[in-house]
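# Chains, contacts and geometry: an overview
Below, each chain spelled out in residue letters.
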Amino acid sequence: MDPLNESLFDAQSLESPAEVASSLAPPAAPGHFDELRGIGTPAPTGVPRLGVPSQPAPLHDASAPAPTPAEAPADERAPAAPHWADFFEHLGTEGFADLPRRAVSLQRQIRDNGVTYNVYADNDGPQRPWSLDLFPLIVPPESWAKIEAGVLQRARLLNRMMADAYGPRQMVEEGLLPPALVRGNPGYLRPMHGVRPPGDTWLHIAAMDLARGPDGNWWVLSQRTQAPSGLGYLLENRLAIARQFPQAFEALHVQRLAATYHAMMEGLQQMCPAGQPPHIVLLTPGPYNETYFEHAYLARYLGIALVEGNDLTVRDQRLYLKTLQGLRPVHGLIKRLDDQFLDPLELRPDSTLGVPGLLQAVRAGNVLVANMPGSAWLESPALLGFMPALSRRLLGEKLLLPALPTWWCGERAAMEAVLPQLNGCTIKPTYTGDDGHAAFETVLGSRMGRRELDEWAGRIVREGDEYTVQGYLPISQMPTWTQDRGPGHITPRSVLLRVFAVSDGPQSWRVLPGGLARLAGADAQIASMQRGGSSADVWVQTDGEVDRTTLLQSHATPASLARHRAPVTSRAAENMYWLGRYTERAENAVRLARLTLDLLGGEDLSSPALLTWLHDMALRNALVPREVPSLPRSRRVFERALIAELADIDDGGSVGYSLRCVRQSAAAVRERLSPDHWNQIVRAEAEFIRRSTEQAAERGGTGVAAFGYASAAALRMLESTSTALSAMTGAQTDRMTRDDAWRLLSIGRHIERLAFLSGALTAGFRIGSVHDVSGFEAMIALFDSTITFHARYQQRRDVATMVDLLVLDGDNPRSLAWVTQTLRGRIARLAGSAPGKLTALSHELPDPATWTLEHLCDAGPDAGYAALMQLLETCETAAYHVSDAIGIRYFTLTSESLRSVGA
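The structure displayed is predicted, hence computed values, not measured ones.

## Structural notes on the overall build of the protein
- In terms of helices and strands, the protein carries 28 helices and 24 strands.
- Out of the 903 residues belonging to the protein, those deemed buried represent 58%.
- Put simply, 72% of the contacts in the protein that link residues at least 6 apart link residues at least 24 apart.
- Total accessible area computed for the protein in this model is approximately 36,700 Å², and 50% of it derives from carbon and sulfur atoms.

## Remarks on the packing of helix α16 (residues 570-600) against helix α23 (residues 773-782)
- Axis separation between α16 and α23 bottoms out at 10 Å; the angle between their running directions is 150°. It follows from the interaxial angle that α16 and α23 lie roughly antiparallel. Between α16 and α23 the crossing geometry is right-handed. Of α23, the residues touching α16 (which contributes R591, L592, L595 and L599) are A778, A781 and L782.
- Across the contact of α16 with α23, the residue classes tally to 6 nonpolar, no polar and 1 charged.

## Quick word on unusual backbone geometry
- That bond from A370 to N371 is cis: its omega, -5°, falls within 30 degrees of zero.
- Checked against the element boundaries, N371 lands in the loop between β14 (368-370) and α12 (387-394).
- With a phi close to 60°, R169 is a non-glycine residue in the positive phi region.
- Residue placement: R169 occurs in the loop between α5 (141-165) and α6 (170-173).
- The phi torsion at Q507 lies on the positive side, around 50°, for a residue other than glycine.
- For Q507, the location among the structural elements is in the loop between β20 (489-505) and β21 (508-511).

## Digging into helix α7 (residues 233-244)
- Taking 1.5 Å per residue as the helical rise, α7 with its 12 residues ought to reach 16 Å, and the 17 Å between its terminal C-alpha atoms agrees with that figure.
- Taken across its 12 residues, α7 has 10 buried, putting it largely inside the fold.
- Among all positions of α7, only Y233, L234, L235, E236, N237, R238, A240, I241, A242 and Q244 are buried.

## Some details on the environment of E142
- As for its position among the elements, E142 is in helix α5.
- Looking at E142, the relative accessible area reads 54%, which means it is exposed.
- Considered as a pair, E142 and D543 are 401 residues apart in the sequence and their alpha carbons are 9.3 Å apart.

## A word on the pairing of β21
- Residues W509 and V511 of β21 are buried on one face, while the alternating residues S508 and R510, pointing to the opposite face, are not.
- The sheet contact formed by β20 and β21 spans 4 bridges and is antiparallel. Paired with G505 across the bridge in β21 is S508.
- Counting the residues that bridge the hairpin from β20 to β21 gives 2 residues, and of these Q507 lies at a positive phi of roughly 50°.

## Looking at empty space enclosed by the protein
- Counted according to the given criterion, the structure contains 3 cavities of 30 Å³ or more.
- What the largest cavity holds in volume is close to 70 Å³.
- Lining the largest cavity are I205, Q226, A227, P228, L231, L298, I334, K335, R336, A370 and N371.
- Its residues assigned to classes, the lining of the largest cavity shows 7 nonpolar, 2 polar and 2 charged.
- P26, D34, L36, P479 and P492 are the residues nearest the centre of the second largest cavity, which is lined by 13 residues in total.
- Going through the elements one at a time, β19 (477-482) and β20 are the ones with two or more residues in the lining of the second largest cavity.

## Re the pattern of salt bridges
- The final tally for this structure, using the stated rule, is 41 salt bridges.
- A salt bridge links D209 to R498; the nearest nitrogen and oxygen atoms lie 2.8 Å apart. With a gap of 289 residues between them, D209 in strand β6 (residues 205-212) and R498 in strand β20 connect regions that are remote in the sequence. When sorted by exposure, D209 lands in the same class as R498, which is buried.
- Between E584 and R753 there is a salt bridge; the shortest N-O distance is 3.0 Å.

## Side note on the packing of aromatic side chains
- Counted under the stated rule, the structure contains 26 aromatic pairs.
- Where W578 meets Y582, the ring centres are 5.5 Å apart and the plane angle is 40°; that geometry is what we call tilted. With W578 and Y582 both in helix α16 and 4 residues apart, the pair spans about one turn of that helix.
- One aromatic cluster is present, built from ring pairs that chain together W84, F87, F88, F96, F135, F245, F249, W481 and W539.
- Positioned above the aromatic ring of W456, the side-chain terminus of R459 is 4.5 Å from the ring centre.
- The residue whose ring lies beneath R738 is W742, and the NZ or CZ to ring-centre distance is 4.1 Å.

## Notes on the sheet that holds strand β10 (residues 312-315)
- Spatial ordering of the open sheet is given by β10-β11-β12, a layout of 3 strands whose pairing is antiparallel. The sheet is open, and its two borders are formed by β10 and β12 (326-329), each paired with just one other strand. Neighbouring strand axes in the sheet, compared pairwise and without regard to direction, differ in orientation by 45° on average.
- Pairing of strand β11 (residues 318-323) with β12, which is carried by 4 bridges, proceeds in the antiparallel orientation. By the bridge assignment for β12, K322 is matched with L327.

## Looking at the nonpolar core
- Counting 145 residues, the largest nonpolar core has F87, F88, M161, F245, Y261 and W377 as its most contacted members.
- Of all the elements, α5 adds the most residues to this core, at 9 residues.
- Setting aside residues up to four positions removed in sequence, F88 forms contacts with P17, A18, A21, L36, F96 and F135.
- Core analysis: the second largest hydrophobic core is formed by 103 residues, L595, M617, L659 and V770 among them.

## Some words on helix α14 (residues 450-462)
- Its 13 residues give α14 an end-to-end C-alpha distance of 18 Å, which sits within 8% of 18 Å, the value for a rise of 1.5 Å per residue.
- Buried within α14 we find L453, W456, A457 and I460. The arc that holds the buried residues of α14, viewed along the axis, is 105°, so those residues lie on one side. Residues of α14 that are exposed and point over 90 degrees away from its buried face: R451 and R462.

## A look at the environment of V254
- Looking at the element boundaries, V254 is found in the loop between α8 (246-251) and α9 (258-271).
- C-alpha separation for the pair V254 and V538, spaced 284 residues apart in sequence, amounts to 9.3 Å.
- For V254, the contacting residues outside a window of four places in its chain are R238, F249, W539, V540 and V546.

## Some words on the sheet that holds strand β9 (residues 305-307)
- Pairing in this open sheet of 4 strands is parallel, and the strands run β9-β8-β13-β14 from one edge to the other. Both outer strands of the open sheet, β9 and β14, are each paired with one neighbouring strand and no more. Averaged over neighbouring strand pairs, the angle between their axes works out to 25° when direction is ignored.
- Bridging between strand β13 (residues 332-335) and β14 involves 3 bridges; their strand directions are parallel.

## Section: the packing of α16 against helix α28 (residues 866-891)
- Direction vectors running N to C along α16 and α28 enclose 160°, while the axes themselves pass 10 Å from each other. In terms of their interaxial angle, α16 and α28 are classed as roughly antiparallel. Mapping the contact onto sequence places S570, A573, E574, Y577 and R581 in α16 and Y880, S883, Y890 and F891 in α28.

## Structural notes on the side chain of N159
- Within the secondary structure layout, N159 lies in helix α5.
- Apart from residues lying up to four places away in sequence, N159 is in contact with D200, T201, W202, L203 and W509.

Reading the values: the criteria
- Residues numbered from 1 in each chain as written.
- Predicted model: local features only at pLDDT ≥ 70, side-chain atom pairs only at ≥ 80, totals over all residues.
- Heavy atoms only, no water.
- Helix = DSSP H or I, 4+ residues; strand = E, 2+ residues; numbered from the N terminus.
- Buried < 20%, exposed > 50% of the residue type's maximum accessible area, 1.4 Å probe, protein only.
- Contact = heavy atoms within 4.5 Å.
- Areas by Shrake-Rupley, 256 points an atom, 1.4 Å probe, with all protein chains shown as cover.
- Axes fitted to C-alpha atoms, helices over the stretch in contact; angles between N-to-C directions.
- Parallel < 35°, antiparallel > 145°, perpendicular 65-115°, else oblique.
- Left-handed = near helix turned anticlockwise from the far one by under 90°.
- Nonpolar A, V, L, I, M, F, W, Y, C, P; charged D, E, K, R; others polar.
- Expected span 1.5 Å × (residues − 1).
- Pairing = 2+ DSSP bridges.
- 1 Å grid on protein atoms, 1.4 Å probe; cavity = no way out; pocket = protein on both sides within 12 Å on 5 of 7 lines; lining within 4 Å.
- Points joined across faces, edges and corners; volume = space filled by probe spheres on them.
- Salt bridge = Lys/Arg side-chain N within 4 Å of Asp/Glu carboxyl O.
- Phe/Tyr/Trp six-rings, centres within 6.5 Å; stacked < 30°, edge-to-face > 60°.
- Lys NZ or Arg CZ within 6 Å of the ring centre and 35° of its normal.
- Core = buried A, V, L, I, M, F, W, Y, C linked by side-chain atoms within 4.5 Å.
- Arc of directions from axis to C-beta.

Below, the structure written as structure tokens:
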């Protein structure tokens, strides 16, 4: 047994769980507050305190006392704080011995739920599973009361600052704020000047990043007002951790979160300028944003539609959502998009994420935006030093929650005061998110040598307004569960707490009783998810009754249930349509490639017509490049080219390319897919690429061409991919709600199938391969109907039996009759027709009821089966024509589809 683990179990048998935790958990690093024990640890002897200049410059947060370590030394054996002792006492009957299992269960839950966070600095790829620690950060009631009061006050102050900046501008005129930090900030939007928001509320969601100093008090490090992230991730954190510690969660009287979200939505609905009930949506930059999972999760939790910029349009100064039923008015918009990308007409002209004309609709008062555009300037760290004076002027109150001492170097006095003390401070950019200003990551002076400090001092002297210096705070450390060695152990890690204030009515806010705790890496001093940090749930205790409000409605009416059915946007509909087409296309490509390789590897391949048909089908479906010699001339060259093309995901059109397109289409509508379905799609592509790369490496090559000689390996890979695609098909046909989005997915699949199968039959009859035994069997196999054919017709191999099964059989899901009839019905259902009633677009497809075996086979081989060939050509042409018509009608919303519904 691992020595650490052995000592853990020995201690557990003799002491209470809280004593075990306190005895085995290392103390916080010197100079940091120890969350587990509730005391500070003394700073190392002879090491000066960092970031506490003695004489703060005027107009800055000089009223805030310098953070000092607690006087009481932290002994390694000091008992756990009462709230942590309660937590460990309620671990359950197995106590610490069960923590490794719970950690594994937590990781599996995060993976199965598909919780991800895109880390652009991660060398392993842009997306990784969300990192969540097993232990929560526990905040007792007395500590939370101070946080709550301070955050509420700062939310009111920030809202007043916004109202003043876009209104009378008293802050600047009275000298309380330098103009460079307001109108000189790129986040200040001049088109918003003079706007009065609904309910006089500029900020509906504000986030404060807090840290506990060595003295045990909480300090404000930064504030986020543009599009603060975390409201979705903290929900997932809560569900995951509460499931791991259900007894402790109940015993500690942890405040619930649902009541705050419910109040936020009610506040937004109350302030929306029009609409009963108002229509609110959540605007996301799209699936490649680092927090896209949170956007989809939050929209689903709140019961609102998740939309992208091209889902919306502005007409007559009003905002509309493009849906399958037409244009639907939008009255409220929760944005998760930075302001500069919101409107390409008035802001960044190169933005493809926003909505042209959105600011015009905002100025007209026809849409509520949370938060209102133009709040980015509030995120400048330079403002923190001016806020005490602003609070006294605008609110008539002293700030309850202090910020770290902050110096904006655009003021000479502040710059001269702080330059000698850079080694004990952090250096931050004054203006963030703009190419015209200095952009750099936060720099710790304590990690730089004298030469680097002099270089930074020179930059500050030359362009002082670009730099803000903030005192360095040794932030508190909480216990975390680490399994980097052995079965696991407790490790202290630095923690930042993000707290949210949300509006619950006009100029009224409440603080979410929880938050998002961010943990620094093992060797990091800055807690950042982008730098590979992790997160923790936040448990806020209460002395009173726990508010058990839920978003579930106890008395639902048909009208209220109908409102919760999110509309299908045109963008989501188009991606669902192409998800269906690419899934079917990938299946067809796999089946055709397997059939071709099987035949090429066989001993009997003497039919020139079959070789010509295989070559024609491979070209039509992009399985081989067009410059490859024909199959009858060079079988082996053709085979190598086909195998090499399988995994070309960039320029080809074969299996790998189709799998990539499936994943990209699914990513755009991930909020509509179950975690299992999404994981199937991701694994299918990843496994296909992995196996092809391994085969290439085994043969000494570095590219996919080296894989070209492994016919047997290619067949095994295609078989595995076929199984994965079958699982996807099962998820699409058996586990999705039959709404309009699913109908479009199904329509996409059947259009692709109709075009592929009718084209294959056309080529087979035109080339004559179906008249040979081997060609006949190949056609039946391509239709995946071999077993049915031989069970029904035994040894017969004539055109009549083929037409009967592959064209006319209404019970065969791969016959043209079944596919066409299904398409006609689903197109009519999509248009809202009553059962059995077809639309004009449905009639664009031929009616299988008029097809007869006698008519199709009447003109025999001498006449080239003219009636059959005409039908096959009609089916293929109609498939592409209907596809174009669906795009015009439902995706681009042109001509008669440009109508407003629900106004």
